[in-house]
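A look at the structure
So the chains spell out like this:
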Amino acid sequence: MNALTKSGAFELSVEGMTCASCVGRVERALKKVPGVQEAVVNLATEKASLTVADPAQAAAILPQAVAAIEKAGYAVPAQSVDLQVGGMTCASCVGRVERALKKVPGVQNAVVNLATERASVQLQGSVDVSSLIAAIEKAGYEAQPVQHDAAATGEDAAALRQAQERESLKRSLIFATVFALPVFVLEMGGHMVPAFHHWISGSIGTQNSWYIQFVLTAVVLFGPGRRFFEKGVPALLRAAPDMNSLVAVGTSAAFAYSVVATFVPQWLPAGTVNVYFEAAAVIVALILLGRFLEARAKGNTSEAIRRLVQLQAKTARVRKGGVVQEIDIAQVRAGDVIEVRPGERIPVDGLVIEGHSFVDESMISGEPVPVEKAEGAEVVGGTVNQNGALAFSATKVGADTLLAQIIRMVEQAQGSKLPIQALVDKITMWFVPAVMAAALLTFVVWLIWGPDPALSFALVNAVAVLIIACPCAMGLATPTSIMVGTGRAAQMGVLLRKGEALQQLKDARVVAVDKTGTLTRGRPELTDLVLAEGFERAVVLAQVAAVEDRSEHPIARAIVDAAKSEGLEIPSISDFASVTGFGVRAVVLGDQVEIGADRFMRELGLSVDGFAAEAERLGSEGKTPLYAAIGGKVAAMIAVADPIKPTTKPAIDALHALGLKVAMITGDNRHTAEAIARQLGIDEVVAEVLPGGKVETVKRLKAEHGTLAYVGDGINDAPALAEADVGIAIGTGTDIAIEAADVVLMSGDLSGVSNAIALSKATMKNIGENLFWAFAYNVALIPVAAGLLYPFNGMLLSPVFAAGAMALSSVFVLSNALRLKRFKPVL
C-alpha cells in the first residue's frame, strides 16, 4: 500500500541520530504513542519501523509518531514527489485530486496545478508512489511520476503528451463541427430565415429534418462528445460533479427531450413539442473549440521550461583512453574530460583545464557580454562556447548541473500555489454542485411560473445555466499567470525558488541589502593611483607591486593583481623589511621603496600635503589612502577598496522609483558604510553588526515599515535571508545563502531586485484581472442564463451562446496571462 502494510507496519526516516542511546530514545518515544504495538529503530539505515494494532488507524497514528520523534529531539524529513495528472478539466478537478491525495497516510500536503497538470506531494515517512497514483485513479483521473533528469526525458514526454492531446482535440473539433453545422443550419436556419423554413417543410419535411438532426447529433454526442460522458457521468455517480458533468447533463437533457419530441411527441404536453438537437450538437463543438484553444495557449505558457530544456546538449565529446568519443549526455560522469569546439554548447558543468575562449552565459546570468574562460575557470552546462577550443573536467553532471537545478526551480515555482489561490479553492469546492442546484431551481421555477410552453422554457434555461457556469476560467486564472510570470523572470535571470515570493514581492515596502558582494564586488581592488609630478604609472605600480608581492594581505594582493592585469613585469627585490605599525620597505631596481600610511611618510620626514585634495575625496568615499615613497620622494597615493559594482547605483535608483525604502546592513565599519550610502543614495545605514545583529535589524525594519525583502550573498546573510519576508540571494554568492533564499538573482547584481518586484506587481495585477473576469463572468451570466431578464425585456440566453461564452472565458484568461511574456525589465 504505502508506508502501511496489511500487517499494520510502516516506516519513517529519522534524522539526527548519532549513537545507540539515540536509537533507544526514539524507540521509547514511539512506543508511548497510542496504537503503536512495536517500534524498531535502525541507526545504520536511519529508519524507524512501526507496527500498529489497527491498520485502519494508521493515518491518525502517523502524525502522532512524527510529533513524538520531533519532541524527542530528532527530525523526520519530508520528501517531495511530483506526479503528472491527466483528465483534469476545471478547478473542481484540482480540489478533488488534492483531497484524494491528502487522505493517503503519510501525505503531509498536496498541491495540484491545473495549468501544468502536475501534483506536488509532500510526504512524511516511506510512502509508496503507487498508493498516490491509486488514490488519484480512484478519484477518476490518471497519474504517473515525473522524472527529474538532466536529459529532460520527463519534459519531452510531457510536451509529447500535450501535443498528442492537442491533436486529439483538433480531430474531435473538426469532426464535431462537420456534423453539428448541418444540424444548426437545418434548425436555426428556419428560425432566422422564414423562406428557408418553408423550403424545408415543402421539400424534405419537418419530421424528416428532425430525423436527420437526430442522426447527426447522435454522431456528435457519442463520437467526439463521448469524452464528456466518460468523465462526467462517473464523477456524477461519485457525488463529485465536475465541468464534464455539467456538459454531460446539459447536452443529454437537450438531446433526450428532442428524442422524445421526435419519436413519441404524445408524451409531451400540447404546445411543448420542440427539438433542441442543435443545442446539444453545437454545445459539444463549441466546448471542444474552447478546449483546443485552451490546450494551445497552455502550451505557450510552459514555453520558458521548454526553452531551458532545449539549452541542454544531447551529446558530449569525452576523452577516453587517449581517444575522443562522442557519447550521450546521460553517460557523462564527474571527472570526465570533455572537449568543446567554437560555437558548441557546453554539455555539463566543469573546470577548464586547457584552452582559452569567451563563453556566452546570458542564459544563466541575463548578461549579454561573453565571459573570458581560461585554465581554472568554471563553465556551466547549457552556455555557448564562442571563439576558442576548451577542454574541461566535468564537476557536475545529470540532475546536479546548474541548468538542471534552474529547471527544477522554475518547475517548482510554476507548480506552487499562491495564498490568493486559497480563495479560489474555497469557492470552487462548492461551485459545481451549486450550479447544478441553480439549474434545477431554474427548471422548477420556469416549469411552474413560466409562460407556455413552460416545459420547453424550463429545459432550455436549465441547460443554459449548466453550460455557462463552467469553472474552467477560475481554475486557470492563477496558475497560468504564475507559469508565464516565473518563466519570464527566469529569462531575465531571476529565479523564484518559492512561488509565494511572487505574491509577497508585490507588497515589499523596504529592501535591505548587504554591502560586501551585493553592493560591491566583494574583493579588494586597486581603485586609485594618484601620481606625484615626474613619476610614471607603469614604473611606480611595478615597483610597489614588487614590494607588496611578499605579503599575503588582501590589500597587497589587490595591488599585485592590478599590476599583472596591466601586463607589467614585477621586478625582483632585496632588503625587504616590515616596519611594525607603519608599513613595508625594500630595494627595487636600486631604489628604496617605502609603502605605508601618512604617519609612515611623516616618520620618514616626507610631506603628503600635495595630495590633500585627493585624500579628502578618498576619505569621503570611505577609502583609506596609502602612500609610496621611491628614492626618498613621495611618488604616489594609493587606494585599495572593495569597489561598488557599476550596476548598483542604477539599481538603487530603480528601487526608489518603485517607491521603496533602501537600507544597508553590514558588518563593515560605519565610516566606510556611510560613505558608500552617500554615493548610492541609500536611506538608512546599519553598520558594524554581526549575523545575529542582521536578523534583529531585519525584524526591526519589518516592524517599522512592513513587508521586507533582504538581499545578500554570504554565509553570514543566511539567517537574515530566512528571517525576511522575501529572501533574495545574489547567484554568484554561496550555496548556503542561495538555499536560504526565496529568490535567486543569477546576474550577480541588484538590478534583478527591481525587475523581480516590478514583475511581481505585473503578475499579481494580471491574476487580479483574470480572477475578476472569471468570477464576474459567472456572477453576471448565470442569472441571465436562468432567465432573470425575461420579465423585463423578454431576453433569454440560448444554450448555444452560453457554450460560446464559456469557451471564450477560458481563452480570455489564458490570452491575458500570455501578455506577461512581453514584460519589459525595469533595468
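None of the values given here were measured: they were computed from a predicted structure. (Residues numbered from 1 in each chain as written. Predicted model: local features only at pLDDT ≥ 70, side-chain atom pairs only at ≥ 80, totals over all residues. Heavy atoms only, no water.)

Further remarks concern the overall build of the protein chain. When you go through the protein chain residue by residue, the secondary structure sums to 29 helices and 29 strands. Counting the 827 residues in the protein chain, one finds 54% classified as buried. Considering only contacts in the protein chain between residues 6 or more positions apart, those separated by 24 or more positions represent 69%. Surface summary for the protein chain: the accessible area is close to 35,200 Å², and the carbon and sulfur share equals 58%. (Helix = DSSP H or I, 4+ residues; strand = E, 2+ residues; numbered from the N terminus. Buried < 20%, exposed > 50% of the residue type's maximum accessible area, 1.4 Å probe, protein only. Contact = heavy atoms within 4.5 Å. Areas by Shrake-Rupley, 256 points an atom, 1.4 Å probe, with all protein chains shown as cover.)

Turning our attention to the packing of helix α15 (residues 454-468) against helix α27 (residues 751-786). Viewed as axis vectors pointing N to C, α15 and α27 meet at an angle of 165°, and their least axial separation amounts to 8 Å. Regarding the angle of α15 to α27, the classification is roughly antiparallel. In terms of crossing hand, the pair formed by α15 and α27 is right-handed. For the pair α15 and α27, the contacting residues are Asn 461, Ala 464, Val 465 and Ile 468 in the first and Tyr 777, Asn 778, Leu 781, Ile 782, Ala 785 and Ala 786 in the second. Here the contact of α15 with α27 is built from residues that sort into eight nonpolar, two polar and no charged. (Axes fitted to C-alpha atoms, helices over the stretch in contact; angles between N-to-C directions. Parallel < 35°, antiparallel > 145°, perpendicular 65-115°, else oblique. Left-handed = near helix turned anticlockwise from the far one by under 90°. Nonpolar A, V, L, I, M, F, W, Y, C, P; charged D, E, K, R; others polar.)

This paragraph deals with the packing of helix α18 (residues 537-548) against helix α19 (residues 554-565). α19 packs onto α18 with a crossing angle of 135° between their chain directions and a minimal axis gap of 9 Å. Judged by the inter-axis angle, α18 sits oblique to α19. Remark: the crossing between α18 and α19 carries left-handed chirality. Contacts between α18 and α19 involve Leu 541, Val 544, Ala 545 and Glu 548 on the former and, on the latter, Ala 556, Arg 557, Ile 559, Val 560, Ala 562 and Ala 563.

With respect to burial, strand β28 (residues 726-730) is a largely interior element, five of its five residues being buried. Here β28 shows a buried face lined by Val 726, Ile 728 and Ile 730 and a second buried face lined by Gly 727 and Ala 729. Note: strand β27 (residues 708-712) against β28, four bridges, orientation parallel. Counted as the bridge partner of Ala 709 is Val 726 from β28. (Pairing = 2+ DSSP bridges.)

So, on to the confidence of the model for the protein chain. Scored by pLDDT, the protein chain comes out at a mean of 83, with 89% of its residues at no less than 70. Here residues 1-7 is modelled with pLDDT under 50, and outside its nearest four sequence neighbours on either side it reaches 24 contacts, counting other chains as well. (pLDDT = per-residue confidence, 0-100.)

If you check UniProt for "transmembrane region" (unreviewed entry), the listed places come out as residues 173-196, 208-225, 246-268, 274-293, 427-449, 455-478, 771-790 and 796-818 in our numbering. In the segment residues 246-268, helix accounts for 78% and strand for 0%; the C-alpha atoms at its two ends are 25 Å apart. As a span, residues 274-293 carries 85% helix and 0% strand, and end to end its C-alpha atoms are 33 Å apart. (UniProt positions renumbered as here; feature names shortened; annotations may be inferred.)

Here we come to the sheet that holds strand β8 (residues 315-320). Picture the strands of a sheet paired through backbone hydrogen bonds; they go either parallel or antiparallel. Strand order across the open sheet formed by six strands is β9-β8-β10-β16-β11-β14, with antiparallel pairing between neighbours. Both outer strands of the open sheet, β9 (323-328) and β14 (378-379), are each paired with one neighbouring strand and no more. The sheet contact formed by strand β11 (residues 349-355) and β14 spans two bridges and is antiparallel. Bridge pairing in β14 links Leu 351 to Glu 378.

This brings us to the pairing of strand β12 (residues 357-360). Only one face of β12 is buried: it carries Ser 357 and Val 359, and the other face, with Phe 358 and Asp 360, is open. Bridging between β12 and strand β13 (residues 371-373) involves three bridges; their strand directions are antiparallel. By the bridge assignment, Phe 358 is partnered in β13 with Glu 372. Sheet analysis places β12 next to strand β15 (residues 384-385), joined by two bridges and oriented antiparallel. Counted as the bridge partner of Val 359 is Asn 385 from β15.

Before going further, it helps to examine the packing of aromatic side chains. Going through the model one piece at a time under the given rule, you end up with 15 aromatic pairs. Between Phe 214 and Phe 255, the aromatic rings sit 5.9 Å apart at their centres with planes inclined by 15°, giving stacked as the arrangement. You can see Phe 214 sitting in helix α7 (residues 206-222) and its partner Phe 255 sitting in helix α9 (residues 243-263), a full 41 residues away along the chain. Exposure remark for Phe 255: the relative accessible area of 11% places this residue in the buried category. An aromatic cluster is built from Tyr 211, Phe 214, Phe 222, Phe 229, Phe 255, Phe 263 and Phe 277, whose rings are joined through pairwise contacts. (Phe/Tyr/Trp six-rings, centres within 6.5 Å; stacked < 30°, edge-to-face > 60°.)

Bringing the sheet that holds β12 into the picture now. In space, the three strands of this open sheet follow the order β13-β12-β15, with antiparallel pairing throughout. Of all strands in the sheet, those bounded by a partner on one side alone are β13 and β15.

Right, let's talk about the pattern of salt bridges for a bit. Applying the stated rule across the entire model yields 22 salt bridges. In this structure, Lys 661 and Glu 684 form a salt bridge, with 3.8 Å as the shortest nitrogen-oxygen distance. Here Lys 661 is found in strand β25 (residues 661-665), whereas its partner Glu 684 is found in strand β26 (residues 684-686), with 23 residues between them in sequence. Among the residues examined, Glu 684 registers a relative accessible area of 17% and is labelled buried. Sharing partners across several salt bridges, the network here consists of Lys 661, Glu 684, Arg 700 and Glu 704. (Salt bridge = Lys/Arg side-chain N within 4 Å of Asp/Glu carboxyl O.)

That bond from Asp 452 to Pro 453 is cis: its omega, -5°, falls within 30 degrees of zero. The residue Pro 453 is located in the loop between α14 (421-449) and α15 in this model. Located in the positive-phi region is Asp 575, a residue other than glycine, with phi close to 55°. Here Asp 575 lies in strand β20 (residues 573-579). Unusually for a residue other than glycine, Leu 589 sits at a positive phi of about 55°. Take Leu 589: it is sitting in the loop between β21 (583-588) and β22 (591-596).

This part is about the side chain of Thr 520. Among the structural elements, Thr 520 can be located in the loop between β18 (510-513) and β19 (525-531). According to the relative accessible area criterion, Thr 520 is buried, its value standing at 0%. Within the local environment of Thr 520, its side chain forms a polar contact with the side chain of Asp 642, the two groups lying 2.6 Å apart. (Polar contact = N/O pair within 3.5 Å; in protein donor to acceptor, adjacent residues only side chain to side chain.)

All right, on to a positive patch on the surface then. Together, Arg 25, Arg 28, Lys 32 and Lys 71 line one region of the surface with positive charge. On the secondary structure map, Arg 25 appears in helix α1 (residues 20-31). (Patch = residues over 30% accessible without salt bridge, like charges linked within 9 Å, V, L, I, M, F, W, Y side chains within 5 Å. Lys, Arg positive; Asp, Glu negative; His and termini not counted. Charge placed at Lys NZ, Arg CZ, Asp CG, Glu CD.)

Mapped onto the elements, Met 492 comes out in the loop between α16 (472-491) and β17 (494-496). Taking C-alpha positions, Met 492 is 7.7 Å from Gly 752, a pair spaced 260 residues apart along the chain. Residues contacting Met 492, with those up to four places away along its chain left out, are Asn 755, Leu 759, Phe 823 and Pro 825.

With that settled, the discussion passes to α15. Residues three or four positions apart in an α-helix share a direction because the helix packs 3.6 residues into each turn. Here α15 is 15 residues long and its end C-alpha atoms lie 21 Å apart, about the 21 Å a rise of 1.5 Å per residue gives. Of all 15 residues in α15, 15 are buried; the element is thus mostly enclosed. (Expected span 1.5 Å × (residues − 1).)

Locating Val 332 in the fold gives a position in the loop between β9 and β10 (337-340). In this structure the C-alpha to C-alpha distance between Val 332 and Ala 394, which are 62 residues apart in sequence, comes to 8.1 Å. Not counting residues within four places of it along the chain, the set of residues in contact with Val 332 comprises Ala 316, Val 318, Ile 327, Ile 338, Val 348, Ala 394 and Val 397.

Here the focus is the environment of Ala 91. Secondary-structure assignment places Ala 91 in helix α3 (residues 91-102). Taking the C-alpha atoms as reference, Ala 91 lies 9.6 Å from Val 432; in sequence the two are 341 residues apart.

Another point: the side chain of Thr 251. Looking at where Thr 251 falls in the secondary structure, it is placed in helix α9. On the basis of relative accessible area, Thr 251 is assigned to the buried category, the value being 0%.

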